[in-house]
Amino acid sequence: MIPVKVDLQSTFKHYEKTFKALADEKRLQLLNLLANSPHDSICVCDLVDEMELAQSKLSYHIKILLQANLIMKEKKGTWSYYSLNHKEINNVLSEELCCLFRKSNDKAIEQTCSCSN
C-alpha cells in the first residue's frame, strides 16, 4: 500500500522527490546496473568504472537516489556499497500509486488497481 503519511501533501512531496530522482538517464542507468548485478550490492569503485563518470558526478547522482530512498548504502571498510531499496522501488513500479489518482466511483479503473479505498 501507499506509505502512510501525515497528510496528502506529505505523500505528494515524497513522490515528487522520488520521480525527480527517476527523471534522469544516468540515475536510471545506475538503478539498472544495481538491479542487474549478480551481487546484492555493488562497490562504488566498480560503479565509477561501469558508469564511466567522474567520481564527483557519480556521487551527485547517488546522493539524489539516496535522498529519494531508492537505493541503500552500506559501508564495508573504507568502501561504500550500494543496493536497490526494493520496497521503495516496488511502490513506485507497482499499481499502488493508482490510488492517488483514480476516480473512486470509476468501476473500470477500480478493476485495474489492486489497492482498496
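Residues numbered from 1 in each chain as written. Predicted model: local features only at pLDDT ≥ 70, side-chain atom pairs only at ≥ 80, totals over all residues. Heavy atoms only, no water.

**Observations concerning the overall build of the chain**
What the chain contains, in helices and strands, is 7 helices and 3 strands. Going from the N terminus to the C terminus, the chain shows its helices and strands as α-α-β-α-α-β-β-α-α-α. Contacts in the chain between residues far apart in sequence, at least 24 positions, make up 47% of those at least 6 positions apart. Accessible surface computed for the chain: about 7800 Å², of which carbon and sulfur atoms make up 52%. (Helix = DSSP H or I, 4+ residues; strand = E, 2+ residues; numbered from the N terminus. Contact = heavy atoms within 4.5 Å. Areas by Shrake-Rupley, 256 points an atom, 1.4 Å probe, with all protein chains shown as cover.)

**Examining the packing of aromatic side chains**
Two numbers describe a pair of aromatic rings. These are the distance of the centres and the angle of the planes. In the structure shown here, the tally under the stated rule is 1 aromatic pair. The positively charged end of Lys76 is found above the aromatic ring belonging to Tyr81, 4.5 Å away from the centroid. (Phe/Tyr/Trp six-rings, centres within 6.5 Å; stacked < 30°, edge-to-face > 60°. Lys NZ or Arg CZ within 6 Å of the ring centre and 35° of its normal.)

**A short note on the nonpolar core**
Formed by 23 residues in total, the largest nonpolar core has its most connected members in Leu47, Leu58, Ile62 and Ile71. Setting aside residues up to four positions removed in sequence, Ile62 forms contacts with Leu30, Val44, Leu47, Ile71 and Tyr82. (Core = buried A, V, L, I, M, F, W, Y, C linked by side-chain atoms within 4.5 Å. Buried < 20%, exposed > 50% of the residue type's maximum accessible area, 1.4 Å probe, protein only.)

**Quick notes on unusual backbone geometry**
Notably, Glu52 is not glycine yet its phi reads approximately 55°, a positive angle. Mapped onto the fold, Glu52 is located in the loop between α3 (44-51) and α4 (55-67). Phi at Asn69 is positive, roughly 65°, even though this residue is not glycine. Here Asn69 lies in the loop between α4 and β2 (71-76). A relative accessible area of 35% means that Asn69 is categorised as partly exposed.

**Brief notes about the pairing of β2**
The sheet contact formed by β2 and strand β3 (residues 79-84) spans 6 bridges and is antiparallel. Bridging from a neighbouring strand, Met72 pairs with Ser83 of β3. Here β2 folds back onto β3, and the loop between the two strands holds 2 residues, one of which, Gly77, carries a positive phi near 65°. (Pairing = 2+ DSSP bridges.)

**With respect to the packing of helix α2 (residues 25-35) against α3**
Here α2 crosses α3 at 125°, and the two axes come no closer than 11 Å. The pairing of α2 with α3 is recorded here as oblique in orientation. The way α2 lies across α3 gives a crossing that is right-handed. Here α2 contributes Lys26, Gln29, Leu30, Leu33 and Leu34 to the contact with α3, which in turn contributes Leu47, Glu50 and Met51. Taken together, the residues of the contact of α2 with α3 sort by class into 5 nonpolar, 1 polar and 2 charged. (Axes fitted to C-alpha atoms, helices over the stretch in contact; angles between N-to-C directions. Parallel < 35°, antiparallel > 145°, perpendicular 65-115°, else oblique. Left-handed = near helix turned anticlockwise from the far one by under 90°. Nonpolar A, V, L, I, M, F, W, Y, C, P; charged D, E, K, R; others polar.)

**Some words on α3**
Looking only at α3, the buried set comprises Val44, Leu47 and Met51. Around the axis of α3, the buried residues are gathered within 50° of arc, so they sit on the same side. Packing partners of the buried residues in α3 comprise α2, β1 (42-43), α4 and β3. Once α3 finishes, Glu52 follows within two positions and takes phi at roughly 55°, a positive value. (Arc of directions from axis to C-beta.)

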